[in-house]
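What follows is the residue order along each chain.
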Amino acid sequence: MTHVAIIGNGISGVTAARHIRKNSDFDITIISAETDYFFSRTALMYVYMGHMKFEHTQPYEPWFWKKNRIDLKKGYVHSIDFDEKKLNFKNGDILRYDVLILATGSKPNKFGWKGENLDGVGGLFSKQDLDRMEQFTKGIHRGVIVGGGLIGVEMAEMLLSRGIPVTFLVREDRFWGNVLPKQEANLIMRHMKEHHVDLRLNTELAEIIDDGNGRAKAIKTMGGEEISCGWVGLTAGVSPNISFLKNTKLETGKGVLVERNLRTNIPDVYAIGDCAEFRVPLKGRRSIEQVWYTGRMMGETVAQTITGNKCDYTPGHWFNSAKFFDIEYQTYGLVPPNLSSTECEFYWERAKDNLCMHFIYDRSTRTFLGVNTFGIRLRHHVLDGWLKESVSIDFVLEHLKDANFDPEFYRQYEEEIVEKFNNENGTSIQIRKKSWKRILKFVN
Amino acid sequence: MKSIKILGLILLLGAFGLFNVLFFLGEFKVSDKGLSQFIESKRIKSEVFIKDAQTLINQSFDSPKDLSAKILSFAERSHQYHRAKINDLEAKGVDQSIINTEWGKVIWLKAIKKHGDFSYPLVKASGYGFIVDHKVLLFFLTFGIGIIGGLMFVLTSFALDGPAGIKNNGIFQNQATNKGWIAWSVFGYLIWFYLLLYFFPDYLVNMIYIVDPISEILNGGSASQWFLYGFMYCVFMIVMGIRMFIKYRHNKYQIVRTISVLFFQIGFAFLIPELLVKFNLPWYDFKNSWPLNYTFFFDWNINQLLNSGNIGLFMLVWGVFLAAVIVPVMVYFYGKRWYCSWVCGCGGLAETLGDPYRQHSDKSMKAWKLERYLIHGVLVFAVLMTGATLYSYFSESKEFFGIETENIRFWYGFAIGSIFSGVIGTGFYPIFGNRVWCRFGCPLAAYMGIVQRFKSRFRITTNGGQCISCGNCSTYCEQGIDVRAYAQKGQNIVRSSCVGCGICAAVCPRGVLKLENGPEEKRILEDNPILIGNDGVKLRED
């Protein structure tokens, strides 16, 4: 029987295992040095904040793995013998495989800062990172967070939930500047200040200062300011966790290099999720995609290929979501941080309630290209359907009520949004009533 | 602000402490008038009991327990005396009419249930001294101060917990909400209180005295333990409902829903029935549907309604119509949430007082299995019990397939009505979550669940592929539904047990869940393993 070994029990590896099981009788082993069972990495923050216990982040009960004949092996693979198809574990164990899936995820970026390996300094990716944060943030008077992205704002929320003041250093002139347009970034920055985050834009970390016992006691910025703190969060992005694969037959760049079908240069070896790097990036997308959803889709795809239904990784229209303190964010299609000359934008905001919607469409054809929505939920099936059908911005606004996914009784703003668009663009779009028929057309 | 919160807590605990100290206080003296009213109301004919009881007159007791114990021992003694005498008379072979007269003197005490009920009226009538003379003052010192303290405690969250949004910080790090010593203490207290309420109301008379003035205003009579309970129920729901308004001030569904449960509890379950009594009409809760309202078809209820004129007749027809037509039709259009989390009193308490404990429901597959056996078992029990009752009512036979109908009813009332829905249903809140009764026991929930599962427009829609499996939805589902198991597969949640509280959708950080009513078509989605957004995968056709 074919034995599929999967290194990494995150969303990518586990999704691959589940789908291989659906399609085959192969023996499957998932290997992890991190935890006994799969958990939702994106939920680690809620454990620290006391919203959940760690076991609540595990989507499957322990019996699930046995019932589905998925072996779980806890252990650290320190090298791979690709010729003999053997995994060598740190403790001396050896595991043979026929097919290998690398799903090793990421590790927090460190840029060679002085003091970056001190106690009280850490990122937030793994369960161990969470444990370290728990250990080193007890009783501290301030945390400093370096790097203005999603994990940074999560870490700020975590520390504040325990009453620890936060100073947030952002190198750019706005929060998450490589992803968010300035309007949305401003909205989020205002909200962070509402939560008393000490936000420092255009500020870079110079070094982390040792208290003499190997523990961080302060940081120094490039501007020379020293900020006393008990915890330094490094959240300037993540990079593929592949150091044990360097200098082997496996071709790597920043990540493990893969083709469109997720194969590496070695037969029967695949890479998926955060650790995979596409040799040729997909149109309009990055060569490494470190998002829950893309990891899941790569898992779904590679399982098909391995079980004989050859598939390329062909994700549909981009979508993503996040939450910044109390503001939910969803995005569908492409909303670039800065407009190109062929793109047009329409922005609506209700500052009082931290709501906004930002539409992007093609200047000449008026084709709808994407939307960012903050504080208002949108319906994935409808947005995906519109993007697939390349409808116009006018169509989107006319049928905006179909897309609303807010809970019942919530105030709806579609009229207000369309009125603003009409005023700014001289159009006379009439908003239509919600239609279940149109909505369900997009649902299979 | 923090000190106001702490002061509020101190006031609340002080008032609560005083309320419980009352349990150990009080002076009791049986009066001539009190005793004769008691003998009359209980239709006591035993000369042995009456003679014994007369020795109590003007004797002082400093605890309701001691007085009650005396009354019960006399009742027990008279019971034995008359039973022995009957045996004696039967042995002698005297005339049956003499034996029947003797039977009429026997005082029946159901050992497990009713015995507190027997002595309660006489104990209640015998109190004197400070408590009885200062009902209003004590009411203010317990309920008044308690409400003020409680409000100070919950209202300060508005300022202390930061901007509006989901604020579940520290729930699993707190002794009160993470099964710590506070939770276990509350658990013990609630069970103790419910046991007294159901089986030993005679011990609670001091607490009942202090709501007498309100009872007199509303229904014209003095308070019973059920009046105290109903009043406390409303007070807890209002204070904890205000907490809900603050906690979910960003979520209009939660606000409207909380207003609705408060309205139905205070209006329909408390004020209207009490006012009906004032106008000599039957105590009637218009929203309480059979089979949750399991006494509806009992002979005494039917007879009482039939004897109450046109209004009584309307109540009878309404009760049948509610259970047979309104309940299923509303479940078809809106899901069982219209009842469970918008109207129901049990649900109302669970959604307000019980909200801090919703995370304790067991989400395991085992618990789901147990749930299906138990709740449907109770439904079958309720239907059989009602069937037996109606059979006996119309056939005037005391037995149903060889079992005494009265016995079936007694055991249903004891095991389901008192122990399951009351002692367990609320007592278990702090440890097993706030919907233990609704999930495992309520026969009305079972009935509506069957409709909701198979014939309804209600579903929780999963928003395409946006789920990140974080687990907030499952953790905060009070009904123990593993919401995430559906959401992460892109499936809508269509489950008989969902009460539509909407908290899963509220705590979801990614906007994945929406409670809605829509066409039955595509309500339950087929298990398509590839979620939306992954266009490259075409499954093989095999």
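Procedures and definitions
- Residues numbered from 1 in each chain as written.
- Chains lettered and ligands numbered in written order.
- Predicted model: local features only at pLDDT ≥ 70, side-chain atom pairs only at ≥ 80, totals over all residues.
- Heavy atoms only, no water.
- Helix = DSSP H or I, 4+ residues; strand = E, 2+ residues; numbered from the N terminus.
- Rg over C-alpha atoms; globule rule 2.2 N^0.38 Å.
- Buried < 20%, exposed > 50% of the residue type's maximum accessible area, 1.4 Å probe, protein only.
- Areas by Shrake-Rupley, 256 points an atom, 1.4 Å probe, with all protein chains shown as cover.
- Lys, Arg positive; Asp, Glu negative; His and termini not counted.
- Charge placed at Lys NZ, Arg CZ, Asp CG, Glu CD.
- Contact = heavy atoms within 4.5 Å.
- Pairing = 2+ DSSP bridges.
- Right-handed = clockwise from strand over helix to strand, strands pointing away.
- Core = buried A, V, L, I, M, F, W, Y, C linked by side-chain atoms within 4.5 Å.
- Polar contact = N/O pair within 3.5 Å; in protein donor to acceptor, adjacent residues only side chain to side chain.

### What to know about the overall build of chain A
No. 1: Looking only at helices and strands, chain A has 12 helices and 25 strands in total.
No. 2: Computed over C-alpha atoms, the radius of gyration of chain A comes to 23 Å, within 12% of the 22 Å expected from 2.2 N^0.38 for 444 residues, which places it in the range of a compact globule.
No. 3: Taken over the C-alpha atoms alone, chain A extends approximately 70 × 60 × 40 Å along its principal axes.
No. 4: A burial count over chain A gives 61% of its 444 residues as buried.
No. 5: Summing over all exposed atoms, chain A offers an accessible surface of approximately 17900 Å²; the carbon and sulfur share of this is 47%.
No. 6: Once the 59 positive and 57 negative side-chain charges of chain A are each reduced to a mean point, those two points are 2 Å apart.

### So, helix H4 (residues 127–136) of chain A
No. 1: The complete set of buried residues in H4 of chain A reads Lys127, Asp129, Leu130, Met133 and Phe136 of chain A.
No. 2: Contacts made by the buried residues of H4 of chain A are with helix H2 (44–48), strand S8 (106–108), helix H5 (150–161) and strand S16 (231–234) of chain A.

### Things to note about the pairing of strand S2 (residues 27–32) of chain A
All names here are of chain A.
No. 1: In terms of burial, S2 is largely enclosed, as five of its six residues are buried.
No. 2: Note: strand S1 (residues 3–7) against S2, five bridges, orientation parallel. Residue pairing in the sheet places Ile6 in a bridge with Ile30 of S2.
No. 3: Remark: the S1/helix H1 (residues 11–23)/S2 crossover connection has right-handed handedness.
No. 4: Pairing analysis gives five bridges linking S2 to strand S3 (residues 70–74), with the strands arranged parallel. Counted as the bridge partner of Ser32 is Lys74 from S3.

### Some remarks on the nonpolar core
No. 1: Within the largest apolar cluster, 135 residues are counted, with the highest numbers of intra-cluster contacts made by Ile80, Leu87, Leu100, Leu102, Phe175, Met192 and Phe359 of chain A.
No. 2: Looking at this core element by element, the count peaks at seven residues for helix H7 (residues 292–306) of chain A.
No. 3: Sequence-distant contacts of Leu100 of chain A, that is, excluding residues within four places in its chain, are made with Ala5, Ile7, Ile80, Phe82, Leu87, Asp268, Val269 and Tyr270 of chain A.
No. 4: Judged by nonpolar contacts, the second largest core, of 68 residues, contains Ile39, Ala75, Ala183 and Leu204 of chain B.

### Some remarks on the pairing of strand S6 (residues 458–462) of chain B
Residue and element names in this part refer to chain B.
No. 1: Taking burial as the measure, the five residues of S6 include five buried ones, the bulk of the element.
No. 2: Here S6 shows a buried face lined by Phe458, Ile460 and Thr462 and a second buried face lined by Arg459 and Thr461.
No. 3: Pairing analysis gives five bridges linking S6 to strand S7 (residues 513–517), with the strands arranged antiparallel. Looking across to S7, one finds that Thr461 is bridged to Lys514.

### Things to note about the environment of Glu328 of chain A
Residue and element names in this part refer to chain A.
No. 1: Checked against the element boundaries, Glu328 lands in strand S22 (residues 327–333).
No. 2: Judged by relative accessible area, Glu328 falls into the buried class, the value being 14%.
No. 3: In this structure the C-alpha to C-alpha distance between Glu328 and Arg296, which are 32 residues apart in sequence, comes to 21 Å.
No. 4: A polar side-chain atom of Glu328 sits 2.7 Å from a polar atom in the side chain of Arg377.

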